[in-house]
Amino acid sequence: MMGDKYFIGIDSGTSVIKAVVFSMDGRELGVHSIPIPNDAEDPSTCYSQDMNQIWDFAKICIAQSIRKAGVDPGSIIGIGITGQGAGTWLIDENGEPAYSGICWCDGRAIGLAERMHAEGIAEEVYKAVGNTVYSGSQGVQLRWLKENKPEILAKATTAFHVKDWLFFKLTGIISCEMTDESLPFINMAERRLEPKSFDLHGIPECIEKKPAILEPEENKGVIKKELADEFGLNADVLVTGGPMDCVACPLGVGTIEPGQVCSTIGTAGIHVLTMDKADTRPMMVAGCLTHAPRDRWIRLMDAISATPSIEWFIKNFEGEDIERAKQAGISTYSYMDQLISEIPIGCDGLTFHPYLAPAGERAPFVNGNAKGSFFGISYRHTRAHFLRAVYEGVAFAALDCYKHFPIPIREIRMAGGGSNSAVWCQMFADMAGIPVRVPEGAEFGAKGAVMVNGVALGVYKDYRDAIQKTVRINRYYEPDMEKHRLYEKHYEIYLMLRKSFQSAWNERAKLLAGLK
């Protein structure tokens, strides 16, 4: 019977790792998470994570999620793993970390990525694999290691990703998985490793560091006996590795039909369009990935910074309103929703661009020097105007991505922390002029991972069956087309500004580099 057995989903992200216990009908029963620190020597430019620490955190999360769910560990039948995509995670011949895990938002290779664009290499990479060259890509990071830390690259025998590391630690199997390798080493149409991409990145020798590359439901193995004993699990618990978070979350919210979009508004603004064929248009904008179903692909537009823009503003400028929220007995974010609802669309001419991350921006354009800004400031603007401008700026960044998708959008499903704001969800619907749906639940990346696990186990006959049995829509937002037309006018200003800022961003970077 449904509900007698359970899954655990592990999601190792940029800032947090978590484990979630799910029922077989997709309900979240217990969650445990632990923040992951940035262990980089220069956190202003670099972002990396201690691989052994992440494994220790994963074990704690597994044990605590079972405890919080209140289920018998012996009733767990599978563990699915997802995690942040791109980045570089290396192990040596003994299966030990060869270096810290370099994350997708790391900026140390910005100069190298710019050089590859200037030399025309990036365009050739895009033609070969349908993905852009940027500083967080594993191909660029491996090239950076070759040029700057060759001893590290020489020591490494395997180059894979964070979920692959956790899959290896749980099963002892060294493997890679198709969705993660899509950035940037997979021939999209044929769903196979593309040697030309390694050549173009200047790392032909690194193809030997790639183990077997499998589709998500094929990337499976039984948990190590000693770990099963440690957690109180049965010895036959099946572990699956994949898909990466940019694919797991769309699967978890139920977007596998062409024209459906999943927008995850979290650390990044990850916007994923489902397609029934590999379509890399427009050229040199973000990228294309394989989806979990073998007859589906996704067009990815992942803006680097989303909710951190809101958190940054609230932390630095909203101290008084935080106190007012406490006095009113409501959450900070509920109070912020009230504040921005009182400000008109377009914030009386105030525009914000949310390019605050060290790595700049990567969709729908690539510029490692891109930086955030407020434009149009006047005496009439209050703190609430600035706050709404930040919310609108993140939503405009999403709209910027939607407008670059190669096929029409028919539905948006929102996930991530940003989907908790009803005001923001409605803003997205009005801006895009497209219905927005918010599914029940919160841990959609982990859910997508256990849906793969369920398909691998035969609990679900296929991905459509998994969605039918586990995904339920909780909230609906229909677009106000009058507001949509007004937002379109403000978007024109947003777009004009971000295009005109390109040269200023680059000159700023040169100036700051010269001052070091």
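Residues numbered from 1 in each chain as written. Predicted model: local features only at pLDDT ≥ 70, side-chain atom pairs only at ≥ 80, totals over all residues. Heavy atoms only, no water.

1. Quick notes on the pattern of salt bridges
The condition that has to hold: Here, a salt bridge means any side-chain nitrogen of Lys or Arg that lies within 4 Å of a carboxyl oxygen of Asp or Glu. Three labels apply to residues, based on accessible area from a 1.4 Å probe with only protein chains included: buried if under 20% of the type maximum, exposed if over 50%, partly exposed otherwise in between. Strands here are runs of E lasting at least two residues and helices are runs of H or I lasting at least four, both read from the DSSP assignment and numbered beginning at the N terminus.
Inspection of the entire model under this criterion finds 40 salt bridges. The salt bridge involving Asp106 is made with Arg108; its shortest N-O contact spans 2.8 Å. When its relative accessible area of 0% is taken as the criterion, Asp106 is described as buried. Among the residues examined, Arg108 registers a relative accessible area of 16% and is labelled buried. One salt bridge connects Glu507 with Lys510, and the closest N-O pair in it is separated by 3.4 Å. Taken together, the positions of Glu507 and Lys510, both in helix H19 (residues 502-515) and three residues apart, correspond to about one turn of that helix. Exposure remark for Lys510: the relative accessible area of 57% places this residue in the exposed category. A network of salt bridges, in which partner residues are shared, links Glu318, Glu320, Asp321, Arg324 and Arg383.

2. Points about helix H13 (residues 332-341)
Rule in force here: Here, two residues are considered to be in contact whenever any of their heavy atoms come within 4.5 Å of each other.
All of the buried residues in H13 are Tyr335, Met336, Asp337, Leu339 and Ile340. On its buried face, H13 sits against helix H11 (307-317), helix H12 (319-328), helix H14 (383-402) and helix H15 (422-432).

3. What about the nonpolar core?
Selection rule: We call a set of buried residues a nonpolar core when its members are Ala, Val, Leu, Ile, Met, Phe, Trp, Tyr or Cys and they connect through side-chain atoms within 4.5 Å of each other.
Core analysis: the largest hydrophobic core is formed by 66 residues, its most contacted members being Tyr402, Ile412, Trp424 and Phe428. Element by element, the count of residues in this core is highest for H14, at 14 residues. Once residues within four sequence positions are removed from consideration, Phe428 is found in contact with Ile265, Ala395, Ala398, Tyr402, Met414 and Val436. Listed in part, the 56 residues of the second largest apolar core include Tyr6, Ile62, Trp89 and Cys176.

4. Quick notes on the side chain of Thr179
In plain terms, the rule: Under the rule applied, a polar contact is a pair of N or O atoms within 3.5 Å (in protein, one hydrogen donor and one hydrogen acceptor; residues adjacent in sequence only if both atoms are side-chain atoms).
Along the chain, Thr179 falls in helix H7 (residues 178-181). Within the structure, Thr179 has its side chain in polar contact with the backbone nitrogen of Met244 (distance 3.0 Å). Excluding residues within four positions of it along the chain, Thr179 makes contact with Pro216, Pro243, Met244, Val247, Leu289, Thr290 and His291.

5. Here we look at the packing of H11 against H14
Heads up, the condition is: Axes here refer to lines fitted to C-alpha atoms; in helices the fit is confined to the stretch in contact. Angles between the N-to-C directions go from 0 to 180 degrees. Between 65 and 115 degrees an angle is taken as roughly perpendicular, under 35 as roughly parallel, over 145 as roughly antiparallel, and anywhere else as oblique. In this scheme, a crossing is called left-handed if the near helix is turned counterclockwise away from the far one by less than a right angle; it is called right-handed if the turn is clockwise. For this classification, Asp, Glu, Lys and Arg are treated as charged, while Ala, Val, Leu, Ile, Met, Phe, Trp, Tyr, Cys and Pro are nonpolar and the rest, including Gly, are polar.
One way to put it is that H11 packs onto H14 with a least axis distance of 9 Å and a crossing angle of 165°. With respect to each other, H11 and H14 are oriented roughly antiparallel. Note that H11 runs across H14; the crossing there is right-handed. In this structure, H11 uses Ser309, Ile310, Phe313, Ile314 and Phe317 to contact H14, whose residues at the interface are Arg383, Phe386, Leu387, Val390, Tyr391 and Val394. When the residues that make up the contact of H11 with H14 are grouped by side-chain class, the tally is nine nonpolar, one polar and one charged.

6. So, the sheet that holds strand E16 (residues 269-275)
Filter applied, for reference: Note on pairing: two strands pair once DSSP finds at least 2 bridges between them.
Within the open sheet, the seven strands sit side by side as E17-E18-E16-E15-E21-E22-E23. Their pairing is mixed. On the outer flanks of this sheet lie strand E17 (287-290) and strand E23 (473-477), each paired with one strand and no other. Sheet twist, expressed as the mean angle between neighbouring strand axes with direction ignored, is 25°. Bridge analysis of E17 against strand E18 (residues 297-303) gives four bridges, and the strand direction is antiparallel. Bridge pairing in E18 links Leu289 to Ile298. On the sheet, helix H10 (residues 245-253) packs against strand E15 (260-265), E16, E17, E18, strand E21 (411-415) and strand E22 (436-439) and is oriented at approximately 115° with respect to E15.

7. Quick word on a negative patch on the surface
Quick note on the threshold: The patches reported here contain residues having more than 30% relative accessible area and no salt bridge. Joining distances are 9 Å for like charges and 5 Å for nonpolar side chains (Val, Leu, Ile, Met, Phe, Trp, Tyr). Values of accessible area rely on a 1.4 Å probe in the Shrake-Rupley scheme; residue burial ignores everything except the protein chains shown. Charged residues are defined narrowly, with Lys and Arg counted positive, Asp and Glu counted negative, and His plus the chain ends left uncounted. By convention, the point assigned to a charge is CZ for Arg, NZ for Lys, CD for Glu and CG for Asp.
The grouping of Asp39, Glu41, Asp42, Asp50 and Asp56 at the surface amounts to a negative patch. Of note, Asp42 is situated in the loop between strand E3 (28-35) and strand E4 (48-49).

8. Some remarks on the pairing of E18
E18 sits mainly inside the fold: seven of its seven residues count as buried. The two faces of E18 match: Trp297, Arg299, Met301 and Ala303 on one face and Ile298, Leu300 and Asp302 on the other face are all buried. In this sheet, E18 lies alongside E16 in antiparallel orientation, the contact comprising seven bridges. Directly across from Val272, in E18, lies its bridge partner Leu300. In sequence, E17 turns back onto E18 through a hairpin of six residues.

9. As for the packing of helix H1 (residues 51-69) against helix H6 (residues 162-171)
Helix-helix packing is characterised by the crossing angle of the two axes and by the distance between the axes. One can describe the packing of H1 onto H6 by two numbers: an axis separation of 11 Å at closest approach and a directional angle of 65°. Relative to H6, the crossing made by H1 is right-handed. Between H1 and H6, the residues in contact are Met51, Asn52, Ile54, Trp55, Ala58 and Ile62 and Val162, Trp165, Leu166, Lys169 and Leu170, respectively. The class makeup of the residues in the contact of H1 with H6 is nine nonpolar, one polar and one charged.

10. Observations concerning the sheet that holds strand E13 (residues 220-222)
With mixed pairing, the six strands of this open sheet are ordered in space as E3-E2-E1-E5-E14-E13. Every interior strand has two partners, whereas the edge strands, E3 and E13, have only one. Between one strand axis and the next, the sheet turns by 15° as a mean value, whatever way the strands run. Across seven bridges, the pairing between strand E2 (residues 16-23) and E3 is antiparallel. Within E3, the position partnered with Lys18 by the bridge is Ser33. H6 rests against strand E1 (6-12), E2, strand E5 (76-83), E13 and strand E14 (238-241) of the sheet, and its axis sits at about 150° to E5.

11. Focus on the state of the cysteines
Using the following cut-off: Pairs of cysteine sulfur atoms within 2.5 Å are identified as disulfides in what follows.
Applying the stated criterion to the full structure yields zero disulfides. No disulfide involves Cys46; its sulfur sits 10 Å from the nearest other cysteine sulfur, which is in Cys105. The exposure class assigned to Cys46 is buried, which follows from its relative accessible area of 14%. Cys425 supplies the cysteine sulfur nearest to Cys347, a cysteine that is in no disulfide, at a spacing of 18 Å.

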